[in-house]
Amino acid sequence: MTGAGLAGTLAGADAVIDVINNRSQDETEVVEFFGTTTQNLLAAERLAGVRHPVLLSVVGLPTGQRVAHSSGTREPDRLGTAGAVPWRSVRATRAPTRA
């Protein structure tokens, strides 16, 4: 979560697709996780000259679902919208998983 070395790793990339996830159900923890990782990723993208940051997000989040994980996954949307680099959010539905 520190972002150390991330800018160097992203050097030369034109686009980065953020698919970071966290399975915590603790609202404070998940908001902090997504906030920290998104801030680190956006800063590294700026330093590396990434021109097309993309966030893979979830359909329905702007409607305000009140569950802990949704609060956390809205944080990258908020931070990306306020960021200095032109940024896109792609909304997708969740696919069912099989155990």
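Conventions used here
- Residues numbered from 1 in each chain as written.
- Predicted model: local features only at pLDDT ≥ 70, side-chain atom pairs only at ≥ 80, totals over all residues.
- Heavy atoms only, no water.
- Helix = DSSP H or I, 4+ residues; strand = E, 2+ residues; numbered from the N terminus.
- Buried < 20%, exposed > 50% of the residue type's maximum accessible area, 1.4 Å probe, protein only.
- Polar contact = N/O pair within 3.5 Å; in protein donor to acceptor, adjacent residues only side chain to side chain.
- Contact = heavy atoms within 4.5 Å.
- Salt bridge = Lys/Arg side-chain N within 4 Å of Asp/Glu carboxyl O.
- Pairing = 2+ DSSP bridges.
- Axes fitted to C-alpha atoms, helices over the stretch in contact; angles between N-to-C directions.
- Phe/Tyr/Trp six-rings, centres within 6.5 Å; stacked < 30°, edge-to-face > 60°.

Q: Sorry, what's going on with the side chain of Thr-37 here?
A: Relative to the helices and strands, Thr-37 resides in helix α2 (residues 27-48). Taking relative accessible area as the criterion, Thr-37 reaches 10% and is therefore assigned buried. Here the side chain of Thr-37 touches Phe-33 through a polar contact of 2.9 Å, landing on its backbone oxygen. Those residues in contact with Thr-37 that lie beyond four places of it in its chain are Met-1 and Ile-20.

Q: What should I look at first to understand the pattern of salt bridges in this one?
A: Side chains that differ in sign of charge can pair as their charged atoms come close. Enumeration over the complete set of coordinates arrives at one salt bridge. The closest approach of N and O atoms between Arg-51 and Asp-14, which form a salt bridge, is 3.6 Å. Of the two residues, Arg-51 sits in the loop between α2 and β2 (52-58) while Asp-14 sits in the loop between α1 (6-10) and β1 (15-18), which places them 37 residues apart along the sequence.

Q: What's the story with the sheet that holds β2 in this structure? I'm lost.
A: Spatial strand order, β1-β2-β3: three strands in an open sheet with parallel pairing. Pairing within the sheet leaves two strands with one partner each, and these edge strands are β1 and β3 (88-92). Neighbour-to-neighbour, the strand axes of this sheet turn through a mean angle of 25°, independent of strand direction.

Q: Would you mind showing me how to read the packing of aromatic side chains here?
A: Taken as a whole and assessed by the stated rule, the structure comprises one aromatic pair. Judged by centre distance (5.3 Å) and plane angle (80°), the ring pair of Phe-33 and Phe-34 falls under edge-to-face. Like Phe-33, the residue Phe-34 is buried in the burial classification.

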